[in-house]
Amino acid sequence: MSKAQKTVTVVQIGSPIRRVSTQRATLVGLGLNKMNKRSTLPDNSATRGMIEAVKHLVRVVDGE
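Labelled according to an unreviewed UniProt entry, the protein chain appears under the name Large ribosomal subunit protein uL30, originating from Camelimonas fluminis. In its Subunit (unreviewed entry) section, UniProt records this for the protein chain: "Part of the 50S ribosomal subunit." Here is the UniProt Sequence similarities (unreviewed entry) comment for the protein chain, exactly as written: "Belongs to the universal ribosomal protein uL30 family."

Put into structure tokens, the structure is as follows:
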């Protein structure tokens, strides 16, 4: 009997142009590299921390 893992879906709404290289790397780590691209990730503290670091560039669409 496996427990369903919670997920969170994020959408890139901002461009990494003229941003610090660590913010671009965080977007790549989230699986985002183009505007309006969606990525579904496991909902854990590491993912939430990455979202917090680039909260001005992404929007959380779904957090089941």
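After that view of the structure, there is still more to cover.
Chemist: Teacher, can you tell me more about the overall build of the protein chain here?
Modeler: Each helix and strand counted, the protein chain has 2 helices and 3 strands in total. When its helices and strands are written in sequence order, the protein chain yields β-α-β-α-β. Seen through its principal axes, the protein chain has C-alpha atoms that stretch 45 × 20 × 15 Å. For the protein chain, restricting intrachain contacts to residue pairs at least 6 apart in sequence, the fraction spanning at least 24 positions comes to 71%.

Chemist: Just checking my understanding: could you explain the pattern of salt bridges for this structure?
Modeler: Any two side chains of opposite charge can pair if their charged atoms end up close together. Summed over the entire model, instances satisfying the criterion amount to 2 salt bridges. The salt bridge partner of Arg 48 is Asp 43, with a shortest N-O separation of 2.8 Å. With relative accessibility at 37%, the residue Arg 48 sits in the partly exposed group. Classification of Asp 43 as partly exposed rests on a relative accessible area of 28%. Across the pair Glu 52 and Lys 55 runs a salt bridge whose closest N-O atoms are separated by 2.8 Å. Here Lys 55 falls in the exposed class, since its relative accessible area comes to 53%.

Chemist: Please explain the nonpolar core as it appears in this structure.
Modeler: Across soluble globular proteins, nonpolar side chains show a tendency to be buried alongside one another. Among the nonpolar cores identified, the biggest contains 10 residues, and these are Val 8, Val 10, Leu 27, Leu 30, Leu 32, Leu 41, Ile 51, Val 54, Leu 57 and Val 58. Ignoring anything within four residues of it in the chain, the contact list for Leu 30 reads Ser 39, Leu 41, Thr 47, Met 50, Ile 51 and Val 54.

Chemist: Before we go on, may I ask you to explain the environment of Ser 39 in this structure?
Modeler: Note on placement: Ser 39 falls in strand β2 (residues 38-42). Setting aside chain neighbours within four positions, we find Ser 39 in contact with Val 8, Thr 9, Val 10, Leu 30, Gly 31 and Leu 32. A polar contact of 2.8 Å, which involves the side chain of Ser 39, links it to the backbone oxygen of Leu 30.

Rules used throughout
- Residues numbered from 1 in each chain as written.
- Predicted model: local features only at pLDDT ≥ 70, side-chain atom pairs only at ≥ 80, totals over all residues.
- Heavy atoms only, no water.
- UniProt positions renumbered as here; feature names shortened; annotations may be inferred.
- Helix = DSSP H or I, 4+ residues; strand = E, 2+ residues; numbered from the N terminus.
- Contact = heavy atoms within 4.5 Å.
- Salt bridge = Lys/Arg side-chain N within 4 Å of Asp/Glu carboxyl O.
- Buried < 20%, exposed > 50% of the residue type's maximum accessible area, 1.4 Å probe, protein only.
- Core = buried A, V, L, I, M, F, W, Y, C linked by side-chain atoms within 4.5 Å.
- Polar contact = N/O pair within 3.5 Å; in protein donor to acceptor, adjacent residues only side chain to side chain.

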